[in-house]
Amino acid sequence: MGNTHSLNLIGGYMSLEDKILNVIKKDVNNIGIEIKEVKYLKENGVNYLRIFIDKEPFINIDDCVNVTNLINPILDKYDFIDEPYMLDISSVSKGGNYE
């Protein structure tokens, strides 16, 4: 992976996860879903972009599909990640720890 940090407007550096969150958050919020966390990691030689989402009363599979379809073109447009990866949209109950 190339440079995962960039200078932000107040002089600090943004992580890859923060850059991704910044470009997808508004659109995802507009469909009534909250992004709880964005993680980019490697497991068993595979790169994963994991995005944990939540809404009341719960997240279902259609929500995960809708978020995937919504953010895929945004991620393609900004092209922050210069290596192959798997996009994993999950409910916080599946993999997050947000109590």
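Remember, it's a predicted structure, so these values are computed and weren't measured experimentally.

On the secondary structure map, Tyr48 appears in strand 4 (residues 46–54). Counting along the chain gives 38 residues from Tyr48 to Met86, while the straight-line C-alpha distance between them is 4.8 Å. In contact with Tyr48, not counting residues within four places along its chain, are Lys39, Tyr40, Leu41, Glu43 and Met86.

Of all residues in the chain, 82% attain a pLDDT of 70 or more, and the chain-wide mean is 88. Scored below 50 in pLDDT, residues 1–5 shows 14 contacts in the model against residues more than four places distant or in partner chains. Contacts of residues 95–99 to residues separated by more than four positions or lying in other chains number 7 contacts, the stretch itself having pLDDT below 50.

The subject of this paragraph is the nonpolar core. Judged by nonpolar contacts, the single largest core of 19 residues is most densely connected at Ile20, Ile24, Leu49, Ile51, Ile53 and Ile71. Broken down by secondary-structure element, the contributors of at least two residues to this core are helix 1 (16–30), strand 3 (34–43), strand 4 and helix 2 (61–78). Sorting elements by how many residues they give to this core places helix 2 first, with 5 residues. Ile24 has contacts with Ile35, Ile51, Ile71, Ile74 and Leu75, leaving out every residue within four places of it along the chain.

Alignment of strand 3 against strand 4, held across 9 bridges, turns out to be antiparallel. Paired with Val38 across the strands is Ile51, a residue of strand 4. If you look at the hairpin formed by strand 3 and strand 4, you'll find 2 residues sitting between the two strands, and Asn44 has a positive phi there, around 50°.

On to the packing of aromatic side chains. A full pass over the atoms with the stated rule returns 2 aromatic pairs. For the ring pair Tyr78 and Phe80, a centre distance of 5.6 Å and an interplane angle of 15° mean the geometry is stacked. Accessibility expressed as a relative area gives 39% for Tyr78, which makes it partly exposed. Above the ring of Tyr48, the side-chain terminus of Arg50 is found at 4.3 Å from the ring centroid.

Right, let's get into the sheet that holds strand 3. Spatially, the 3 strands line up as an open sheet ordered 3-4-5, and their pairing is mixed. Both edges of this open sheet fall to strand 3 and strand 5 (86–91), since each of them pairs with a single strand only. On average, each strand axis in the sheet is inclined to that of its neighbour by 20°, with strand direction left out of account. Its contacts with the sheet put helix 2 on strand 4 and strand 5, and the angle it makes with strand 5 is roughly 140°.

Tracing the backbone shows Lys25 in helix 1. Classification of Lys25 by relative accessible area gives partly exposed; the value is 42%. Residues Lys25 and Ile71, spaced 46 residues apart in sequence, show a C-alpha to C-alpha distance of 9.3 Å.

Cut-offs used in this document
Residues numbered from 1 in each chain as written. Predicted model: local features only at pLDDT ≥ 70, side-chain atom pairs only at ≥ 80, totals over all residues. Heavy atoms only, no water. Helix = DSSP H or I, 4+ residues; strand = E, 2+ residues; numbered from the N terminus. Contact = heavy atoms within 4.5 Å. pLDDT = per-residue confidence, 0-100. Core = buried A, V, L, I, M, F, W, Y, C linked by side-chain atoms within 4.5 Å. Buried < 20%, exposed > 50% of the residue type's maximum accessible area, 1.4 Å probe, protein only. Pairing = 2+ DSSP bridges. Phe/Tyr/Trp six-rings, centres within 6.5 Å; stacked < 30°, edge-to-face > 60°. Lys NZ or Arg CZ within 6 Å of the ring centre and 35° of its normal. Axes fitted to C-alpha atoms, helices over the stretch in contact; angles between N-to-C directions.

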